[in-house]
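Breakdown of the fold
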Amino acid sequence: MASFKDVVGHEQIIEHLKNSLKNNKISHAYIFCGEDGTGKNMLAKLFAKALQCEAGYGDCCDMCRSCKQTESGNQPDIRWVTHEKPASIGVDDIRQQVNNDIAIKPYSSKYKIYIVDEAEKMTPQAQNALLKTIEEPPSYGIIMLLTNNADMLLPTIRSRCVTLNMKSVPSQKIQDYLISKYQVPDYKARVCASYAQGNMGKAIKMATSPDFNELHESVLNLVKNIDDMDIYVIMDAVKKLSEYKAEIYDIIDMMMVWYRDILMLKLTNDPNLLIYPEEYSALSRRASKSTFEGLDHIIKAMEKAKVRLKANVNFDTALEMMLLTIKEN
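Residues numbered from 1 in each chain as written. Predicted model: local features only at pLDDT ≥ 70, side-chain atom pairs only at ≥ 80, totals over all residues. Heavy atoms only, no water.

Going by the annotation in an unreviewed UniProt entry, the name recorded for the chain is DNA polymerase III subunit delta', with Candidatus Scybalocola faecigallinarum given as the source organism. What UniProt states about the chain under its Catalytic activity (unreviewed entry) heading is, verbatim, "DNA(n) + a 2'-deoxyribonucleoside 5'-triphosphate = DNA(n+1) + diphosphate". (UniProt positions renumbered as here; feature names shortened; annotations may be inferred.)

As structure tokens, this is what we get:
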């Protein structure tokens, strides 16, 4: 069971939603916008749960029939829109699951709620079909669009929705949550919270990964020794990284934490600000050899590698270019 009080961060959004519930000022359409892992699915589910809660006090009571149905995924008046094509949500998906269905009154609750995950995948035809419903919804109809890119939605849809932008969660809050909820050791929570850059989902995924220790050790070994590696050794490192293709963005983010530590040490010379204070000697040696310009090149090379990988550039080529840039700077 969960309610708004269980959410870490997003205080302003939660306050807005709770006030809407308490004052009975509910919009007919919402956009929850944020990258994957920021909690938009969880907040939408909790808002839908609170909207249908029979206690009606601005949050979920977790005791009424509706709350229990929502937790089990069986609340008949909360619908998650599905789509067979992984790359797009078609006009038929919207017409059949939203437009035609919303004409039928709620089965047992005050509202009938439709949640469209990955809403940016809606085709222009699907969006135009949905727009008609958003423009003239029945009094009980509520539509929630979850997206990592609201700009992919038609301006006419955006203008008719309340947009809630997911903000980054402070690293300390993520760290404390990982320690208390998942019993993660301090050093691991610190690394995961830093690498996640405010994204709770990413932090939890890394902290609970069975491969974390092996992955972490491999990444540290690489960044600590890359300056002294021959080219053929770097090519071998690329082959080893190819075993972790599914986690490659996580690996690059972990490497980025290391070079941010070097940059922080060069700027402040304060070991208390490091994510890896236990690696002070290695970081200090690297900082003494690095220039600010060189570190900027390295961080940009890692960002560029992620862009190339997302654009389906050859995996080995993208990583080789990144690692050679790191070695050169």
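Section: helix 7 (residues 171-182)
Taking 1.5 Å of rise per residue, the twelve residues of helix 7 would be expected to cover 16 Å, and the 16 Å separating its terminal C-alpha atoms lies within 8% of that figure. Of all the residues in helix 7, the buried ones are I174, Q175, Y177 and L178. Looking down the long axis of helix 7, one finds its buried residues gathered within 165 degrees of arc, a one-sided arrangement. On its buried side, helix 7 packs onto helix 8 (186-196) and helix 9 (200-207). At the C-terminal side of helix 7, Q183 shows a positive phi close to 55 degrees. (Helix = DSSP H or I, 4+ residues; strand = E, 2+ residues; numbered from the N terminus. Expected span 1.5 Å × (residues − 1). Buried < 20%, exposed > 50% of the residue type's maximum accessible area, 1.4 Å probe, protein only. Arc of directions from axis to C-beta. Contact = heavy atoms within 4.5 Å.)

Regarding the layout of surface pockets
Empty space within the largest pocket amounts to approximately 510 Å³. If you go around the largest pocket, you meet 18 residues; those closest to its centre are E35, K202, Y249, D253 and K310. Taken together, the elements giving at least two residues each to the lining of the largest pocket come down to helix 9, helix 12 (248-268) and helix 14 (292-310). Taken together, the residues of the lining of the largest pocket break down into five nonpolar, three polar and ten charged. Size it by volume and the second largest pocket reaches roughly 290 Å³. D6, V7, V8, M42 and Y177 are the residues nearest the centre of the second largest pocket, which is lined by 19 residues in total. When residues of the lining of the second largest pocket are traced back to their parent elements, those giving at least two are helix 2 (40-52), helix 7 and helix 9. Here the residues of the lining of the second largest pocket sort into nine nonpolar, six polar and four charged. (1 Å grid on protein atoms, 1.4 Å probe; cavity = no way out; pocket = protein on both sides within 12 Å on 5 of 7 lines; lining within 4 Å. Points joined across faces, edges and corners; volume = space filled by probe spheres on them. Nonpolar A, V, L, I, M, F, W, Y, C, P; charged D, E, K, R; others polar.)

Considerations on the environment of D296
Within the secondary structure, D296 is located in helix 14. Among the residues examined, D296 registers a relative accessible area of 35% and is labelled partly exposed. When the C-alpha atoms of D296 and A50 are compared, they prove to be 46 Å apart, with 246 residues separating the residues in sequence.

Considerations on the pattern of salt bridges
Summed over all chains, the structure comprises 17 salt bridges. With a closest N to O distance of 3.1 Å, K224 and E279 form a salt bridge. Of this pair, K224 sits in helix 10 (residues 212-225) while E279 sits in the loop between helix 12 and helix 13 (280-289), and the two are 55 residues apart along the sequence. For K224, a relative accessible area of 37% corresponds to the partly exposed category. (Salt bridge = Lys/Arg side-chain N within 4 Å of Asp/Glu carboxyl O.)

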